[in-house]
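Letter by letter, the chains look like this.
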Amino acid sequence: MKFLKFITFIICLFSVNTINAQQILKKGFLVACGDDKLFIIDPAKSNEKHTEIIWSWEVKNSEGLPKEYFPLLKSLDDCKPVMNNKKILATSSSGATILVNIATKKIEFYAKTPMAHSADILPKNRIVVANSTHKDGNSIELYDLLKNETVLFRDTLYSGHGVVWNPKENLLYVLGYQHLKSYELIDWKTENPSLKLVNTWEIPDKSGHDLSRIDDENFLISTHNSVFLFNSKIKSFTPFDLLKDRKDIKSLNYSHKTNSLVYTIAEESWWTENIYMVNPMKTIKLPGLKLYKVRKAI
């Protein structure tokens, strides 16, 4: 049965709609990643029986990427829409980070990043990556978009799993195994920028996994056993009611305005085939894919 589902899924990829490049990733669309593949999905036209895939990418068809990177991208674990939803910043726990131009599918940045689990774009086209448990990982690393494979700055972070830039505060937030940290940008107009640690907080549970930004002062943090809301203004952690005490949440995206939620949860070991939504309530399936994270374009 799973084989038949997978064949059906692959057939769907060949019928991806051809649309204007400026319309590929609209607000509200989903970006999903698993194995060595990226997808853009229209959730409004998707349900448990049909997934409306409007764009797809896989490593073997990539342009501008050295072939030595192919095995390093076999397990994509984060895929953030960036730069006005025109590009996708993706990380792989197999050891790499890339920036994909959606319209051209070309790779515009690549770096070998050990056990990478999350990345984000910083001002002046810098990229920050969180690396998890690896002999060369347990860190955050800073790169310049125009300098592939060149580490500009590095700091230790055990089991790095999340990085999120907050433009309102001009602070970078990073999530590790047991700590949430904030950094400020130093010497940012020079060729030798760095990050300075501002605050460190112990999270309410061990094994910090996903970090996402809701608004100027609110963030969501998933751990092994639950999900918490962090408010950077009052520096507090509180249970997030919609997913309180839910274990193994791998990614989450929430909107205050609509009370809508999109998330993934580990159901087969560390992966799943399902994307779950709340308001509207629905499940979107990607059968045959070891799906890890989903992000919502805003």
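Residues numbered from 1 in each chain as written. Predicted model: local features only at pLDDT ≥ 70, side-chain atom pairs only at ≥ 80, totals over all residues. Heavy atoms only, no water.

Caption draft 1: Spatial organisation of the environment of Cys 79. With respect to the helices and strands, the residue Cys 79 is situated in strand E4 (residues 76–82). Sequence spacing of Cys 79 and Gly 34 is 45 residues, and the spatial spacing of their C-alpha atoms is 9.3 Å. (Helix = DSSP H or I, 4+ residues; strand = E, 2+ residues; numbered from the N terminus.)

Caption draft 2: Local environment of the packing of aromatic side chains. One pass over the structure, following the stated rule, counts 12 aromatic pairs. Arranged with centres 6.3 Å apart and planes meeting at 15°, the rings of Tyr 173 and Trp 201 form a pair that is stacked. Of this pair, Tyr 173 sits in strand E13 (residues 171–175) while Trp 201 sits in strand E15 (residues 194–202), and the two are 28 residues apart along the sequence. Taken individually, Tyr 173 and Trp 201 each receive the classification buried, so the pair is uniform in this respect. Arranged with centres 5.0 Å apart and planes meeting at 55°, the rings of Trp 201 and Phe 230 form a pair that is tilted. Of this pair, Trp 201 sits in strand E15 while Phe 230 sits in strand E18 (residues 227–231); the two residues are 29 residues apart in sequence, bridging distant segments of the chain. You can call Trp 201 buried: its relative accessible area is 12%. Connected via pairs of aromatic rings, a cluster forms that spans Tyr 173, Trp 201, Phe 219, Phe 230 and Phe 237. Here Arg 126 stacks its cationic end above the ring of Trp 188, 5.1 Å away from the centre of that ring. (Phe/Tyr/Trp six-rings, centres within 6.5 Å; stacked < 30°, edge-to-face > 60°. Buried < 20%, exposed > 50% of the residue type's maximum accessible area, 1.4 Å probe, protein only. Lys NZ or Arg CZ within 6 Å of the ring centre and 35° of its normal.)

Caption draft 3: Representation of the state of the cysteines within the structure. Here the structure, examined in full by the defined rule, presents 1 disulfide. Two residues share a disulfide in this structure: Cys 33 and Cys 79, whose sulfurs sit 2.5 Å from each other. Here the S-S torsion is close to -75°, and the disulfide linking Cys 33 with Cys 79 is therefore left-handed. Note that Cys 33 is positioned in strand E1 (residues 30–34) and Cys 79 in strand E4, a separation of 46 residues in sequence. In this structure, Cys 33 and Cys 79 share a single accessibility class: buried. (Disulfide = S-S within 2.5 Å.)

Caption draft 4: Spatial organisation of the pairing of strand E10 (residues 139–144). In terms of burial, E10 is largely enclosed, as 6 of its 6 residues are buried. Burial along E10 is two-sided: Ser 139, Glu 141 and Tyr 143 and Ile 140, Leu 142 and Asp 144, pointing in opposite directions, are all buried. Judged from the 6 bridges that link them, strand E9 (residues 126–131) and E10 form a sheet pairing that is antiparallel. Across the sheet, residue Arg 126 finds its bridge partner in E10, namely Asp 144. Taken together, the 4 bridges between E10 and strand E11 (residues 153–156) define a ladder with antiparallel strand orientation. Each residue of the ladder has a partner; that of Ser 139, found in E11, is Thr 156. (Pairing = 2+ DSSP bridges.)

Caption draft 5: Structural detail: unusual backbone geometry. Cis peptide bonds are those with omega within 30 degrees of zero, and the linkage from Asn 279 to Pro 280 qualifies with 5°. With respect to the secondary-structure elements, Pro 280 resides in the loop between strand E22 (274–278) and strand E23 (282–285). Even without being a glycine, Met 83 presents a positive backbone phi close to 55°. Among the structural elements, Met 83 can be located in the loop between E4 and strand E5 (87–92). Judged by relative accessible area, which is 23%, Met 83 ranks as partly exposed. Despite not being glycine, Ser 207 has its phi angle at roughly 65°, a positive value. Locating Ser 207 in the fold gives a position in the loop between E15 and strand E16 (210–213).

Caption draft 6: Inspection of the side chain of Glu 273 at higher detail. Here Glu 273 lies in the loop between strand E21 (260–265) and E22. At 3.1 Å, the side chain of Glu 273 forms a polar contact with the backbone nitrogen of Gly 288. (Polar contact = N/O pair within 3.5 Å; in protein donor to acceptor, adjacent residues only side chain to side chain.)

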